[in-house]
Amino acid sequence: MTHLSQEKAPIMEALNRYKHMRVVPFDVPGHKRGRGNEELAAFLGEQCLAVDVNSMKPLDNLCHPVSIIKEAEQLAAQAFGAKHAFFMVNGTTSAVQAMIMTACKAGDKIIMPRNVHRSAINALILTGAVPVYVNPGVHEELGIPLGMSVQDVERAILENPDAKAILINNPTYYGICSNLQALTDLAHEHQMLVLVDEAHGTHFYFGENLPASAMSVGADMASVSMHKSGGSLTQSSFLLINNEMSEGHTRQIINLTQTTSGSYLLLSSLDISRKNLALHGRQVFEKVAQMSQYTRDEINKIGGYYAFSKELLNGDTIFDFDVTKLSVHTREIGLAGIEIYDILRDEYDIQIEFGDIGNLLAYISVGDRQLDLERLVAALAEIKRRYAKDKNDVFDHEYINPQVVATPQKAFYAPKKNLPLAESAGYISSEFVMCYPPGIPILAPGERITTEILDYIAYCKEKGCFLTGTEDSAIQHINVLKEVE
Amino acid sequence: MNLWYTEDHSPHARFSIRVEQHLYTGQSEFQKIDIFQTVEFGKVLTLDGYVMITEKDEFIYHDMITHVPMATNPGIKKVLVIGAGDGGTVRELTKYQSIEQIDMVEIDQMVVDLCREYIPQTASQLDDPRVNLFFEDGLKFVRKKENDYDLIIVDSTDPFGPGEGLFTREFYGNCFKALTEDGILVNQHESPFYTEDALGMQRAHQRILGFFPICKVYQAHIPTYPSGHWLFGFASKKYDPIADLDAVAWNELDLITKYYNTDIHVGSFALPNYVKEQLQDVE
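Since we're looking at a predicted model, the values are computed, not measured. (Residues numbered from 1 in each chain as written. Chains lettered and ligands numbered in written order. Predicted model: local features only at pLDDT ≥ 70, side-chain atom pairs only at ≥ 80, totals over all residues.)

Attention shifts here to the overall build of chain B. Of the regular secondary structure elements, chain B holds 10 helices and 12 strands. Over its C-alpha atoms chain B spans a radius of gyration of 18 Å, differing by no more than 12% from the 19 Å that the globule rule assigns to 283 residues. By principal-axis analysis of the C-alpha atoms, chain B measures approximately 55 × 45 × 35 Å. Summarising the internal contacts of chain B: among those between residues at least 6 apart in sequence, 68% fall at separations of at least 24. (Helix = DSSP H or I, 4+ residues; strand = E, 2+ residues; numbered from the N terminus. Rg over C-alpha atoms; globule rule 2.2 N^0.38 Å. Contact = placed C-beta atoms within 7 Å.)

Facing 14 residues of chain B, the contacting portion of chain A comprises 12 residues. Elements supplying a minimum of two residues to the side of chain B that touches chain A: α5 (138-143) and α6 (169-178) of chain B. Tallying contributions element by element places α6(B) first for the side of chain B that touches chain A, with six residues. Of the residues in the side of chain B that touches chain A, the class split is three nonpolar, four polar and seven charged. (Nonpolar A, V, L, I, M, F, W, Y, C, P; charged D, E, K, R; others polar.)

Moving on: the pairing of strand β3 (residues 32-38) of chain B. All names here are of chain B. Looking at chain direction, strand β2 (residues 13-27) and β3 are connected through seven bridges and run antiparallel. Following the sheet pairing, G26 is matched in β3 by I33. With six bridges connecting them, β3 and strand β4 (residues 42-47) associate as antiparallel partners. Looking across to β4, one finds that F36 is bridged to V44. Adjacent in sequence and paired antiparallel, β3 and β4 are bridged by three residues. (Pairing = 2+ DSSP bridges.)

Next up on the list: the sheet that holds strand β12 (residues 354-355) of chain A. Whenever strands of a sheet pair, they do so through backbone hydrogen bonds, lying parallel or antiparallel. Residues and elements named next belong to chain A. The four strands lie next to each other as β9-β11-β13-β12, forming an open sheet whose pairing is antiparallel. At either margin of the open sheet sits one strand with a lone partner, and together these are β9 (306-307) and β12. As defined by bridge partners, β12 adjoins strand β13 (residues 359-362) across two bridges and the pair is classed as antiparallel. Paired with F354 across the strands is L361, a residue of β13.

Often, the extent of an interface is quoted as the loss of accessible area on bringing the components together. Residues and elements named next belong to chain B. Partitioning chain B into structural domains gives domain 1 (4-54) and domain 2 (58-282). Each of domain 1 and domain 2 was reduced to a C-alpha centroid, and the two centroids are 22 Å apart. Taken residue by residue, the interface counts 19 residues in domain 1 and 22 residues in domain 2. Looking at the side of domain 1 that touches domain 2, the elements with two or more residues in it are β1 (4-10), β2, β3, β4 and β5 (50-54). For the side of domain 1 that touches domain 2, the element with the highest residue contribution is β5, accounting for five residues. Taken together, the residues of the side of domain 1 that touches domain 2 sort by class into 12 nonpolar, five polar and two charged. (Domains from an automatic or database assignment.)

Quick look at the environment of A:E483 now. Residue and element names in this part refer to chain A. Here E483 lies in the segment after β18 (477-481). According to the C-beta neighbour criterion, E483 is exposed, with 11 such atoms within 10 Å. For the pair E483 and P415, spaced 68 residues apart in the sequence, the C-alpha separation amounts to 8.0 Å. (Buried ≥ 20, exposed ≤ 12 C-beta atoms within 10 Å, placed from the backbone.)

Attention now moves to the nonpolar core. Ranked by internal contacts, the top residues of the largest apolar core, which has 221 residues, are A:I100, A:I166, A:F238, A:L240 and B:I152. The element best represented in this core is helix α11 (residues 264-302) of chain A, accounting for 12 residues. Beyond its immediate sequence surroundings of up to four residues, A:I166 is in contact with A:I111, A:M112, A:V153, A:L183, A:A187, A:M192 and A:V194. (Core = buried A, V, L, I, M, F, W, Y, C linked by C-beta atoms within 7 Å.)

With that out of the way, let us pick up the packing of α11(A) against helix α13 (residues 370-387) of chain A. Residues and elements named next belong to chain A. Where α11 meets α13, the axes come as close as 10 Å, and the angle between the chain directions of the two elements is 20 degrees. With respect to α13, the axis of α11 lies roughly parallel. Here α11 runs over α13; the crossing is right-handed. Contacts from M291, Y294, T295, E298, I299 and I302 of α11 reach α13 at L373, L376, V377, L380, A381 and K384. (Axes fitted to C-alpha atoms, helices over the stretch in contact; angles between N-to-C directions. Parallel < 35°, antiparallel > 145°, perpendicular 65-115°, else oblique. Left-handed = near helix turned anticlockwise from the far one by under 90°.)

On to the sheet that holds strand β1 (residues 84-88) of chain A. All names here are of chain A. Taken together, the seven strands give an open sheet; going across it, the order is β1-β8-β7-β6-β4-β2-β3, and neighbouring strands pair in mixed fashion. The two strands at the open ends of the sheet, each matched to only one other strand, are β1 and β3 (130-134). The average angle at which neighbouring strand axes cross in this sheet is 20 degrees, direction not considered. As judged from the five bridges shared by β1 and strand β8 (residues 237-241), these two strands associate in the antiparallel manner. Bridge pairing in β8 places F86 opposite L239. Packed onto the sheet, helix α4 (residues 68-80) meets β1 and β8 and runs at close to 120 degrees relative to β1. Along the sheet, helix α7 (residues 150-159) makes contact with β2 (109-113), β3 and β4 (165-169), crossing β3 at roughly 145 degrees.

Put into structure tokens, the structure is as follows:
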């Protein structure tokens, strides 16, 4: 690969050239630079609609890039230290699915922690691949799922030598990293591919003193949510490949499900954000880490809250911690994270990323201002003063080890019946139940429903978590397999 | 020469002052600071292009933000002033011999330094031995205080820019905590007149309401602020600004004021119907 200048942004530059050509559009989109939809143009801005265009020769084609998109992909690959980078416009969900569909066919085994994002299990429904779950374990005090221990993964590999791949979260939503280098080496020794979900790890490629990135340890594929810490538009993402992975085959897999009308708003946002991170990422994430550390220190001074960080490291299941994450344990003040999440929005006009039972996560980025950090800290102090309760009111289990009875695909498509949730204990679920965010399934298709799980779902509902996953939008009924195995 | 300072009072209404000389322009860490010499209003301080004070009408604002709470509770000993970088509020407070301590928290030291240099009319008392200056975020400062002040005066900029945090529920809650059991909170409360200002005014009122048993609003006429019709918030744990006003005691202090008197004190709480309606809407 020839060395390209990261100052370039080929997609943005091509769009600018295209605008200046003042081409008369007799192609889609039908809004024709916004002229055909005045209200939309007024709301989003004419500049925005002027570059909402179709693929064409001067602008290349996402399904089969040969010119500017290809060049932009090469620039991204270079910036991330990958063999190739694909621009993804169907979210990181599609990147995770493309990784699994590239690595596994129907019946192939894939080793993964159970605290994966729903997109990974969705990919198992699509492919018919069989999950081998590694219990990530739960932090005793914080109640959060951790990384995978090297020993547990080794056991899973030895018990399933035919597995094709291993999927690793780097980091988890809370910022916790497994020993990525050791897991990658281990998997490669057993001829398994290493797929890494880096939905929350874009900045690992650019910041200093941050956990190792997938490409840096020689992993084979990684899904990187540029739209999270990378600054691009929502739904835009990169899929990175490395080693012997075939660019052509991976693109075929991507094209199975990705739109043929890739949005140039999303593509250019990826291009511009990649340029920005390549040129300024180090300073950007140094600042983000400083802001997170400041906020963490101030929150810890309030008392009751525990904004955790690297002191948790244990050399294995918490091998590293992403210090840009602001994860706060709330149980000591007697409030569930989700309750604080709601109070912050309803009373203080502060929207945080998510709250679950024992924790909340505030997303800190380069767009934050010092005064906003002060507001968050002050609001948390006020919530403690006004609402703190006895800590025993808060449930203390987050991770429930699943009993997997059928593969996700088989369970999803099997003959099923619909039962009231409360009467479903003992049956095998045909669908998901999860709180969103974070989108980590409480129940996945093919898992046995237990009273412990039902209690947990009821508790999440009571605390105000946004539950989703079942056909029944009220989450009162659940589809279960007709045959009890 | 025909040099004018113009401020948008609304997206569709402007206010202009002829400028004799642009004395200072600069950018601090937080905002753009300008000082003008004008014929009509004397020296004028603007932050991010908004008039903060003019030498000609600052007395109205500073009289009303300090003497109303001071006359309501003459026993006030310890005062926290947030914002107020021009020093005018502190100047009025130092007139009271009974006050023992004034802590002033201003986020932008450059504003204070420039006012000392260019506008001594307001900054003159900042060296009073009872005054302690803190250059930090007001929200952060007050968060760490508990049962500490008899009076908090929030002399802030508008609810956008560096003053944003001083119009929030978390700030008012923190102030409640920082006040003693008979504490009073007085704040710059925006204007009811133009739509945007009125929304800020209503939001501020709504957010204070939850914390204090007594929440009143009073007004003054300040020519250089948008519409000239300006409001102050009076929130208190115990003292009612009218029922507890001891006019005789205040008048015996024999303080010289140019706007405030004990009649206007009472009268300023009488609000026009459209303002009452705006307040009732959020109560």
